[in-house]
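Overview (structure and organization)
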Amino acid sequence: MTKAELYEKASKLPLLPGVYIISDKHGTIIYIGKAKRLRTRVSQYFREGVPHDTKVTRMIENAYSFDFIVTTSEFEALVLECSQIKLHSPKYNILLKDDKGYCFIRVGKDEYPRITAELQKKDDGAEYIGPYMSSFAVRQMVETAVQAFRLPTCNRVFPRDFGKDRPCLNAHIGRCMAPCTGKISKERYDECVKGAARLIKEGKNEIIKTLHGQMMAASEALEFEKAALLRDQIAAIEKVTAGQRVVQSSIKDADVFSFAVKDNTVCAAMLVFREGRLVDKNEFLFKETDSVDEVRDELLPRYYDDGHEIPKQVLIDALPQDADQLEQLLSEKAGRKVQITVPQRGDGPRLVQMATLNAIESLTLRSGRVSKEERLLDEVARTLGLSQAPEVIESYDISNWGDGTSVAGMVVFEKGRPKRSGYRKFKVKSVVGTDDFASMAEVLQRRTWEYEHEGTGQFGIKPDLILLDGGKGQLSAVRAALRGTAFEDVAIFGMVKDDRHRTRGIVGDGGEIALSMHKSVFAFIGTIQEEVHRFSVGFQRQQRKKKAFKSSLTEIENVGEVTAKKLLKEFRTIHAISEATIEELCAAGASYKAAEAVFHHYHANP
């Protein structure tokens with residue numbers, strides 16, 4: 001559907017709350033949103049003249065159809081939106097995929113279990129507490145719990161290693177209960193592990209309250225040895241946690257959010273306070289948008305729907321649009337009252353300001369990195385005579401071998417950095433023999449055709465600069481091939497090499513431009529040329545290897561191209577095929593006659 005057709009359809013939607021689901025031409029869901037009034041919200045996307053940020057603009061460019069679900073209330077729309085986003089993970093929704101990854105605390109299920117910090121959650125039957133976003137916080141929690149309950153940290157395995165060696169230094173200084181001596185009962189060890197896990201889950205105050213009650217009960221029952229052990233555990237917890245208040249606050253249990261924007265990027269900074277102390281800090285960067293309000297509205301439900309711990313309070317720099325519905329949702333998930341507020345007095349404003357400073361600092365550091373790349377691209381533009389810095393650069397190289405077969409590689413640099421998700425491979429189809437000029441022209445024609453016919457991914461983006469591995473011949477052939485197409489106005493240059501196959505200069509319509517006087521541009525262009533050459537040659541070798549494998553199979557009687565392809569896809573290597581039985585070859589797609597021929601070919605001379 002065209003944008004006008006989508007707008008006409010959106011104009012007929014009801015003025016009721018609900019969820020809308022936008023898909024691309026392949027039927028893939030690319031965005032899910034909620035609305036108080038479906039007609040008003042959805043029609044804004046497709047009405048001509050309405051400005052949008054970069055992310056929304058790209059989403060609209062890829063939109064082909066949409067569906068909707070009417071709900072009875074705004075709260076139902078929020079709940080449905082969260083569940084649908086979690087189910088489909090649309091490309092243009094906030095999914096909170098950051099670079100840090102998640103960390104877990106593992107409580108083993110062995111006879112004498114250990115508590116450890118882990119980067120991944122495994123299916124091993126153990127109990128995993130988390131996820132947490134700070135590996136430092138996880139290690140600190142594990143260390144605190146293990147010290148407080150004097151659990152072992154050595155590599156010994158119990159009960160296998162009972163009595164084999166003398167107790168380690170930790171036992172002598174009172175930091176380990178020394179189960180290696182065999183004098184600690186299984187029941188006592190298990191109680192300490194459970195206590196350490198409760199300390200991690202519930203925090204210091206709750207576990208001390210529980211242990212204090214158990215100590216009093218043991219005293220009343222005249223179990224003085226047990227009471228003394230519990231007393232020592234309480235003292236250990238107090239001692240270990242006493243020096244860990246990095247930032248203190250009268251606010252005991254809260255997540256603090258603040259947002260900042262710079263250079264079309266929004267940063268959300270989050271501070272996690274538990275028991276009145278700062279225990280974690282997270283930052284989320286959202287590129288190609290300058291709408292803090294939209295990011296704020298999307299981030300909070302996404303974050304807590306992802307399984308993170310819900311505090312009693314969420315302090316924020318400004319209320320999200322659906323704050324009341326979000327409070328209700330979080331309260332139902334937590335099983336208790338949760339408040340979302342903009343603090344006005346006490347420690348709250350100070351903590352929000354602290355989060356704001358962290359968000360600004362993160363953007364400032366990122367801006368410093370970006371400005372360096374921007375300066376480089378500005379210099380590239382000046383050197384090549386471009387009207388503006390090239391944000392998206394595509395580079396192409398042809399690679400061939402003796403039988404006249406050719407392939408091509410396309411690499412992409414975006415904002416001065418490789419964008420590997422945009423790399424593409426081509427098999428040259430229409431050129432007979434080895435002709436780099438014609439091969440390059442064919443590849444660029446196909447690239448342009450993809451763009452003109454609503455290509456997806458990188459094929460849906462028009463580059464600012466195209467660099468060809470080659471000189472005037474490749475440049476002239478491509479210029480002729482792109483005449484009259486959507487890429488006719490794209491700046492195109494050839495990268496020329498010297499006798500040692502190193503970048504010498506760059507050639508354009510006005511002749512060759514020497515790069516020796518522009519060291520940074522010289523290095524940058526050289527990097528692109530090496531990368532595209534590496535990529536295309538790697539693809540050529542891969543294809544040549546497949547072809548060699550396939551040709552060796554097709555030499556066998558009753559084995560054709562289709563059968564060879566099926567066998568290689570299933571077994572991967574000729575050696576694996578040679579080791580397969582007739583039944584396994586048939587299961588991979590070969591006829592019995594072909595399978596028998598292959599088997600006898602490799603087993604004729606054992």
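About the cut-offs
- Residues numbered from 1 in each chain as written.
- Predicted model: local features only at pLDDT ≥ 70, side-chain atom pairs only at ≥ 80, totals over all residues.
- Heavy atoms only, no water.
- Helix = DSSP H or I, 4+ residues; strand = E, 2+ residues; numbered from the N terminus.
- Rg over C-alpha atoms; globule rule 2.2 N^0.38 Å.
- Buried < 20%, exposed > 50% of the residue type's maximum accessible area, 1.4 Å probe, protein only.
- Contact = heavy atoms within 4.5 Å.
- Patch = residues over 30% accessible without salt bridge, like charges linked within 9 Å, V, L, I, M, F, W, Y side chains within 5 Å.
- Areas by Shrake-Rupley, 256 points an atom, 1.4 Å probe, with all protein chains shown as cover.
- Salt bridge = Lys/Arg side-chain N within 4 Å of Asp/Glu carboxyl O.
- Lys, Arg positive; Asp, Glu negative; His and termini not counted.
- Charge placed at Lys NZ, Arg CZ, Asp CG, Glu CD.
- Expected span 1.5 Å × (residues − 1).
- Arc of directions from axis to C-beta.
- Pairing = 2+ DSSP bridges.
- Axes fitted to C-alpha atoms, helices over the stretch in contact; angles between N-to-C directions.
- Core = buried A, V, L, I, M, F, W, Y, C linked by side-chain atoms within 4.5 Å.
- Parallel < 35°, antiparallel > 145°, perpendicular 65-115°, else oblique.

Here's the deal with the overall build of the protein chain
What the protein chain contains, in helices and strands, is 19 helices and 19 strands. For the protein chain, the C-alpha radius of gyration of 32 Å lies well beyond 25 Å, the compact-globule estimate for 606 residues. Judged by the C-alpha coordinates and their principal axes, the protein chain covers about 95 × 75 × 55 Å. A total of 606 residues make up the protein chain; the buried ones form 47% of that total. Nonlocal contacts in the protein chain, meaning residues at least 24 apart in sequence, comprise 62% of its contacts between residues at least 6 apart.

Notes on a negative patch on the surface
A grouping of D263, E374, D378, E391 and D464 is seen on the molecular surface, where their side chains present a negatively charged patch. With respect to the helices and strands, E374 occurs in helix α12 (residues 348–384). Relative accessible area serves as the criterion here: at 44%, E374 is assigned to the partly exposed category.

Comments concerning helix α19 (residues 592–603)
Taking 1.5 Å of rise per residue, 12 residues should cover 16 Å, and α19 covers 16 Å from first to last C-alpha, within 8% of that figure. All of the buried residues in α19 are A594, A595, A597 and V598. Considered in projection along α19, the buried side chains sweep an arc of 160 degrees and stay on one side of the axis. Exposed residues pointing more than 90 degrees away from the buried face of α19 are listed as Y592 and K593. The elements touched by buried residues of α19 are α16 (561–571), α17 (574–579) and α18 (582–587).

Thoughts on the sheet that holds strand β8 (residues 265–274)
Read across the sheet, 5 strands follow the order β9-β8-β7-β10-β11 without closing on themselves; strand pairing throughout is mixed. Every interior strand has two partners, whereas the edge strands, β9 (277–287) and β11 (339–341), have only one. Each neighbouring strand pair of the sheet contributes to a mean axis angle of 15 degrees, computed without reference to strand direction. Examined bridge by bridge, strand β7 (residues 253–262) and strand β10 (residues 313–316) share 4 bridges and lie parallel to one another.

Examining the sheet that holds strand β2 (residues 29–35)
The 3 strands lie next to each other as β2-β1-β3, forming an open sheet whose pairing is antiparallel. Each having just a single partner strand, β2 and β3 (65–70) make up the two edges of the open sheet. This sheet shows a mean twist of 20 degrees between the axes of neighbouring strands, independent of strand direction. Bridging between strand β1 (residues 18–23) and β3 involves 6 bridges; their strand directions are antiparallel. Bridging across to β3, I21 finds its partner in D67. Against the sheet, helix α4 (residues 74–88) makes contact with β1, β2 and β3, and its axis sits at roughly 170 degrees relative to β2, the strand it touches most.

With respect to a nonpolar patch on the surface
The grouping of L16, F68 and V70 at the surface amounts to a nonpolar patch, some 230 Å² of accessible area in total. Checked against the element boundaries, V70 lands in strand β3. Since its relative accessible area comes to 38%, V70 is described here as partly exposed.

Here's the deal with a positive patch on the surface
Residues K427, K429, K565, K569 and R572 make up a contiguous surface patch of positive charge. Given the relative accessible area of 45%, K427 is considered partly exposed.

Digging into the environment of A523
Within the fold, A523 resides in helix α15 (residues 519–554). In this structure A523 comes out as partly exposed when scored by relative accessible area, which is 42%. Note: C-alpha distance between A523 and T503 (20 residues apart in sequence) is 8.9 Å.

Quick word on the pattern of salt bridges
Applying the stated criterion to the full structure yields 25 salt bridges. The shortest N-O distance in the salt bridge between D317 and R296 comes to 3.3 Å. Of this pair, D317 sits in the loop between β10 and α11 (323–334) while R296 is found in helix α10 (residues 292–305), placing the two residues 21 residues apart along the sequence. For R296, a relative accessible area of 5% translates into the label buried. In this structure, E394 engages R447 in a salt bridge whose closest nitrogen and oxygen atoms are separated by 2.7 Å. You can see E394 sitting in strand β12 (residues 392–400) and its partner R447 sitting in helix α13 (residues 436–452), a full 53 residues away along the chain. Accessibility expressed as a relative area gives 0% for E394, which makes it buried.

Re the nonpolar core
Counting residues in each nonpolar core, the largest one holds 33 residues, and the members touching the most others are I105, I115, F149, L151 and Y189. Where this core is concerned, the elements lending two or more residues are β4 (103–107), α5 (135–148), α7 (186–202), α8 (204–220) and α9 (224–242). Counting residues in hydrophobic clusters, the runner-up holds 26 residues, among them F75, L300, Y303 and L330.

Considering the packing of α10 against α11
The axes of two packed helices give the description: the angle between them and the distance between them. Between α10 and α11, whose axes approach to 11 Å, the crossing angle comes to 10 degrees. Taken together, the axes of α10 and α11 are roughly parallel relative to one another. Contacts from L300, P301, Y304 and D305 in α10 reach L326, L330 and K333 in α11.

Remember that the coordinates give geometry; whether it matters functionally is a separate question.
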